Amino acid sequence: PINDVTSVTIKQASNAGTIARTGEAWTVRERHDYPANFTEVGDFLIKMRELKAVQTEKVGASQLPRLELIEPGKGDKAGTLVEFKDKSGKTIKSVLLGKKHLKKPASASPMGGDEGWPDGRYVLVQGGGDVALISDALSNIEAKPEQWISKDFFKVEKVKSVKGEPSVQLAV
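In this text, all values refer to a predicted model and were calculated from it rather than measured experimentally. (Residues numbered from 1 in each chain as written. Predicted model: local features only at pLDDT ≥ 70, side-chain atom pairs only at ≥ 80, totals over all residues. Heavy atoms only, no water.)

Peer 1: Quick question: what am I supposed to make of the overall build of the protein here?
Peer 2: Along the backbone of the protein there are two helices and nine strands. Walking the protein from its N terminus toward its C terminus, one meets helices and strands in the order β-β-β-β-α-β-β-β-β-β-α. Looking at the protein as a whole, 31% of its 172 residues are labelled buried. Here the analysis covers contacts within the protein between residues at least 6 apart in sequence; of these, 53% occur between residues at least 24 apart. As displayed, the protein offers around 11700 Å² of accessible surface, 52% of which is attributable to carbon and sulfur atoms. (Helix = DSSP H or I, 4+ residues; strand = E, 2+ residues; numbered from the N terminus. Buried < 20%, exposed > 50% of the residue type's maximum accessible area, 1.4 Å probe, protein only. Contact = heavy atoms within 4.5 Å. Areas by Shrake-Rupley, 256 points an atom, 1.4 Å probe, with all protein chains shown as cover.)

Peer 1: Explanation requested: the side chain of serine 150 in the structure shown.
Peer 2: One can find serine 150 in the segment after helix 2 (145-148). With residues near it in sequence (within four places) discarded, serine 150 still touches Tyr34, Pro35, Ala36 and Asn37.

Peer 1: Just to check I follow, could you spell out the pattern of salt bridges for this structure?
Peer 2: Note that side chains of opposite charge can pair when their charged atoms are close. According to the stated counting rule, one finds seven salt bridges in the structure shown. A salt bridge links lysine 47 to aspartate 136, with the nearest nitrogen and oxygen atoms 3.4 Å apart. One end of the pair, lysine 47, is in helix 1 (residues 38-49); the other, aspartate 136, is in the loop between strand 9 (130-134) and helix 2, and 89 residues separate them in sequence. On the accessibility criterion, lysine 47 (33% relative accessible area) is partly exposed. Aspartate 130 is the salt-bridge partner of lysine 58, the closest N and O atoms lying 3.0 Å from each other. Taken together, the residues span a long stretch of sequence, with lysine 58 in strand 5 (residues 53-58) and aspartate 130 in strand 9 at a distance of 72 residues. The class for lysine 58 is exposed, based on a relative accessible area of 72%. The class of aspartate 130 is partly exposed, set by a relative accessible area of 32%. By sharing partners, the salt bridges in this structure join Lys11, Glu83 and Lys85 into a single network. (Salt bridge = Lys/Arg side-chain N within 4 Å of Asp/Glu carboxyl O.)

Peer 1: It is not clear to me how the environment of leucine 51 should be interpreted in this structure. Could you clarify?
Peer 2: Mapped onto the elements, leucine 51 comes out in the loop between helix 1 and strand 5. The partly exposed category is assigned to leucine 51, whose relative accessible area is 25%. Spatially, the C-alpha atom of leucine 51 lies 6.8 Å from that of isoleucine 134, the residues being 83 residues apart in sequence. Not counting the four nearest positions on each side in its chain, leucine 51 is found in contact with Ile134, Asp136 and Leu138.

Peer 1: Even after reading the chapter, I still don't get the layout of surface pockets, so can you show me in this structure?
Peer 2: Gaps between atoms show up when a probe of the same size as a water molecule is rolled over them. Taken as a whole, the largest pocket holds about 430 Å³ of empty space. Those elements giving two or more residues to the lining of the largest pocket turn out to be helix 1, strand 5, strand 7 (91-103), strand 8 (117-125) and strand 9. Taken as a whole, the second largest pocket holds about 160 Å³ of empty space. Looking at the lining of the second largest pocket element by element, the count peaks at six residues for helix 1. (1 Å grid on protein atoms, 1.4 Å probe; cavity = no way out; pocket = protein on both sides within 12 Å on 5 of 7 lines; lining within 4 Å. Points joined across faces, edges and corners; volume = space filled by probe spheres on them.)

Peer 1: What am I meant to see in the pairing of strand 3 (residues 25-28) here?
Peer 2: It is a general feature of regular strands that their side chains alternate between the two faces of the sheet. Across four bridges, strand 2 (residues 15-22) lies against strand 3 in antiparallel orientation. What sits directly across from arginine 21, in strand 3, is tryptophan 26. Between strand 2 and strand 3, which pair antiparallel one after the other, the connecting turn spans two residues, and glycine 23 there sits at a positive phi close to 70 degrees. Looking at chain direction, strand 3 and strand 4 (residues 34-35) are connected through two bridges and run antiparallel. In the strand pairing of strand 4, valine 28 is matched with tyrosine 34. Between the end of strand 3 and the start of strand 4, which pair antiparallel, lie five residues, with histidine 32 showing a positive phi angle near 55 degrees. (Pairing = 2+ DSSP bridges.)

Here is the structure:
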């Protein structure tokens, strides 16, 4: 239930970031509740709600590190943990974002770099049993608070004139 989500915590290795809704605005907790980029937060929440599994697999616990589907801080091959919480701080849903699935090129590139490009990602919903492969790599989801802050710290509207020092041109 997307409308019940009042905070999202994203954890990777040693980083964590929390985006929280305070009133009608989203803020970044690690940046002293500075306003978050509403468009990015909204797009992320909608994208997470509408994710569809392209493929599901039963995967044993011993194979989870290979898919980077272990919680941050519990090994070298940890994924990205995304926790959606309600206004009481209770976790509604937790999702582990794992290794990106790479689409292999049809033919070898003369420039090298034949490993392919991300066309999906392995995910594991906490409390669920199957690993899903989704069709979105979610490449921009990171536990970097600076990624989520609003860059609109001031706006200049209806400018009537601008005066400044004349520019200096050098003749060569």
